[in-house]
Amino acid sequence: MRVQDKVVIVTGGANGIGSALCKRFAAEGAKAVIVADIEGEAACEVARSIGGSEYCANVASESDIQLLVDTVLKKYGQIDLFCSNAGIGVEGDCCVPDRDWSRIWEINVMAHVYAARAVLPGMLARKEGYLLQTVSAAGLLTQLGSAPYAVTKHGALALAEWLEITYGDCGIKVSALCPQGVKTRMLENAEFGGGAFLRETALEPDQVAEAVIQGLEAEQFLILPHPEVLEYFRRKAADYDRWIRGMRRLQANMQPLKAV
Ligand SMILES: NC(=O)c1ccc[n+]([C@@H]2O[C@H](COP(=O)([O-])OP(=O)(O)OC[C@H]3O[C@@H](n4cnc5c(N)ncnc54)[C@H](O)[C@@H]3O)[C@@H](O)[C@H]2O)c1
C-alpha cells in the first residue's frame, strides 16, 4: 500500500516513532494524518507542523478509540491505515504490582484489540484496510529486565498474526513493526532497561519510518528496521534451549535481576 491520498490514524503520534510516522506519511502525500495521543498539546504541535489533525485519546479506553474512529469516519468516510503505535514500558519482574501489569496490558495489548474492533467493520465492508501495529523485537525475542514488556509485546504480535490470518482473505492487511532500540523518550528513560546494546544499535525514529514505508509498500507482515532481528528470531526457532542459554549469558553480563 502506498500512503499517498490515504486517510491515516497514528496513536502515540505526538512523540518518538509515532511522530516520525506522522511526518513521513504527510510527506508521502497522505490525504489526512490524524495524530492521536494522550498528550493533547504535543499531538497538536505535530499536527500543526504537518497540516494534520490532532486528537486527544487514551488508547487504554475503548470508548476513546471508538469515538476517534467514529469522528474520522464522519469527516473522511473511511480509514485506510490505522497505526496502533502507542505503547509503554514497565521495568521489573513478576513482582511488578498488578495495577502496573494491568496498565501495560491495556495499552500494549488491549488498545490493539479496541482498534481492530472499531475499524474492522468499515474496512471489511469496503474489503480494504490496513492495520499497522507497533510491536517490538521483544515480541519475537524477549525483553531483558521487563517481564511485563516481554509478555505484552508477545501478546500484541499474537494478535497481529491472528488478524492477518483471519482477515487476510477479506482484503485486510496487517503489519507488525518490530524494531529493537529506537532513539525516543522511551529508550532515553530506560522504561524497560534491557542493556546498553539496545542503545548502541538504536535507530533514529526517521529510519524506522523509512522501514515502515517500505514494509507497507511490500505489504510485508513483519517490518524489521533492524534486519539482524530476523537472524535472532531464526536462531530462537532453530534451537530454543541454546537461545535461552545465550539470553541468560547476555543478562548475566548486563545487570543483576532481582530473583522472583
Ligand atoms: N523506543 C524503542 O526503543 C522501541 C523499540 C521497540 C518498540 N517500541 C514501541 O514503539 C511504540 C512507540 O514508542 P516510542 O519509543 O516512540 O515511545 P515514546 O514514549 O517516545 O512515544 C510513545 C507515545 O505514546 C503515547 N502514549 C502512551 N500511552 C498512551 C495512551 N494510553 N494513550 C494514547 N497515547 C499514549 C505517549 O504520550 C507518546 O506520545 C511503543 O509501542 C513501543 O513499545 C519502542
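Residues numbered from 1 in each chain as written. Predicted model: local features only at pLDDT ≥ 70, side-chain atom pairs only at ≥ 80, totals over all residues. Heavy atoms only, no water.

**Student:** I keep staring at the sheet that holds strand S1 (residues 7-11) and nothing clicks. Help me out?
**Tutor:** Strands in a sheet are paired, the pairing made by backbone hydrogen bonds, and the direction either parallel or antiparallel. The parallel open sheet is built from seven strands, whose spatial order is S3-S2-S1-S4-S5-S6-S7. Of all strands in the sheet, those bounded by a partner on one side alone are strand S3 (53-56) and strand S7 (222-223). Pairing of strand S6 (residues 172-177) with S7 involves two bridges; the strand directions are parallel. Across the sheet, residue leucine 177 finds its bridge partner in S7, namely isoleucine 223. In the packing of helix H2 (residues 40-50) onto the sheet, contacts are made with strand S2 (32-37) and S3, and the angle to S2 comes to roughly 165°. In the packing of helix H6 (residues 147-167) onto the sheet, contacts are made with strand S5 (129-134) and S6, and the angle to S6 comes to roughly 160°. (Pairing = 2+ DSSP bridges. Helix = DSSP H or I, 4+ residues; strand = E, 2+ residues; numbered from the N terminus. Contact = heavy atoms within 4.5 Å. Axes fitted to C-alpha atoms, helices over the stretch in contact; angles between N-to-C directions.)

**Student:** Just to check I follow, could you spell out the packing of aromatic side chains for this structure?
**Tutor:** We describe a pair of aromatic rings using the distance from one ring centre to the other and the angle between the two ring planes. Applying the stated criterion across every chain, the model contains two aromatic pairs. Look at tryptophan 162 and tyrosine 167: their rings are 6.1 Å apart centre to centre, the planes differ by 80°, and that puts the pair in the edge-to-face class. When the centroid spacing of 6.1 Å and the interplanar angle of 75° are considered together, the rings of tyrosine 240 and tryptophan 243 count as edge-to-face. One end of the pair is tyrosine 240 and the other is tryptophan 243, both in helix H11 (residues 240-252) and three residues apart, which spans about a single turn. Geometry around tryptophan 243 places lysine 236 over its ring, the cationic atom sitting 4.6 Å from the centre. (Phe/Tyr/Trp six-rings, centres within 6.5 Å; stacked < 30°, edge-to-face > 60°. Lys NZ or Arg CZ within 6 Å of the ring centre and 35° of its normal.)

**Student:** Teacher, can you tell me more about the packing of helix H1 (residues 16-27) against H2 here?
**Tutor:** In helix packing, the relevant descriptors are the interaxial angle and the interaxial distance, both defined with respect to the helix axes. Running from amino to carboxyl end, H1 crosses H2 at an angle of 20°, the nearest separation of the two axes being 10 Å. Judged on the interaxial angle alone, H2 and H1 are roughly parallel. Of the two elements, H1 crosses H2, and the hand of that crossing is right-handed. Residues Ser19, Cys22, Lys23 and Ala26 of H1 pack against Val46, Ser49 and Ile50 of H2. Taken together, the residues of the contact of H1 with H2 break down into four nonpolar, two polar and one charged. (Parallel < 35°, antiparallel > 145°, perpendicular 65-115°, else oblique. Left-handed = near helix turned anticlockwise from the far one by under 90°. Nonpolar A, V, L, I, M, F, W, Y, C, P; charged D, E, K, R; others polar.)

**Student:** Hey, could you run me through the environment of arginine 248 in this one?
**Tutor:** Take arginine 248: it is sitting in helix H11. In this structure arginine 248 comes out as exposed when scored by relative accessible area, which is 58%. Between the C-alpha atoms of arginine 248 and valine 208, which are 40 residues apart in sequence, the distance is 28 Å. (Buried < 20%, exposed > 50% of the residue type's maximum accessible area, 1.4 Å probe, protein only.)

**Student:** Got a minute to help me understand helix H9 (residues 205-218) in this structure?
**Tutor:** Compared with the 20 Å implied by 1.5 Å per residue over 14 residues, the 20 Å span of H9 between its first and last C-alpha is a close match. Within the sequence span of H9, burial applies to Pro205, Val208, Ala209, Ala211, Val212, Ile213, Gly215 and Leu216. On its buried side, H9 packs onto H1, strand S4 (81-84), S5, S6 and S7. Once H9 finishes, glutamate 219 follows within two positions and takes phi at roughly 50°, a positive value. (Expected span 1.5 Å × (residues − 1).)

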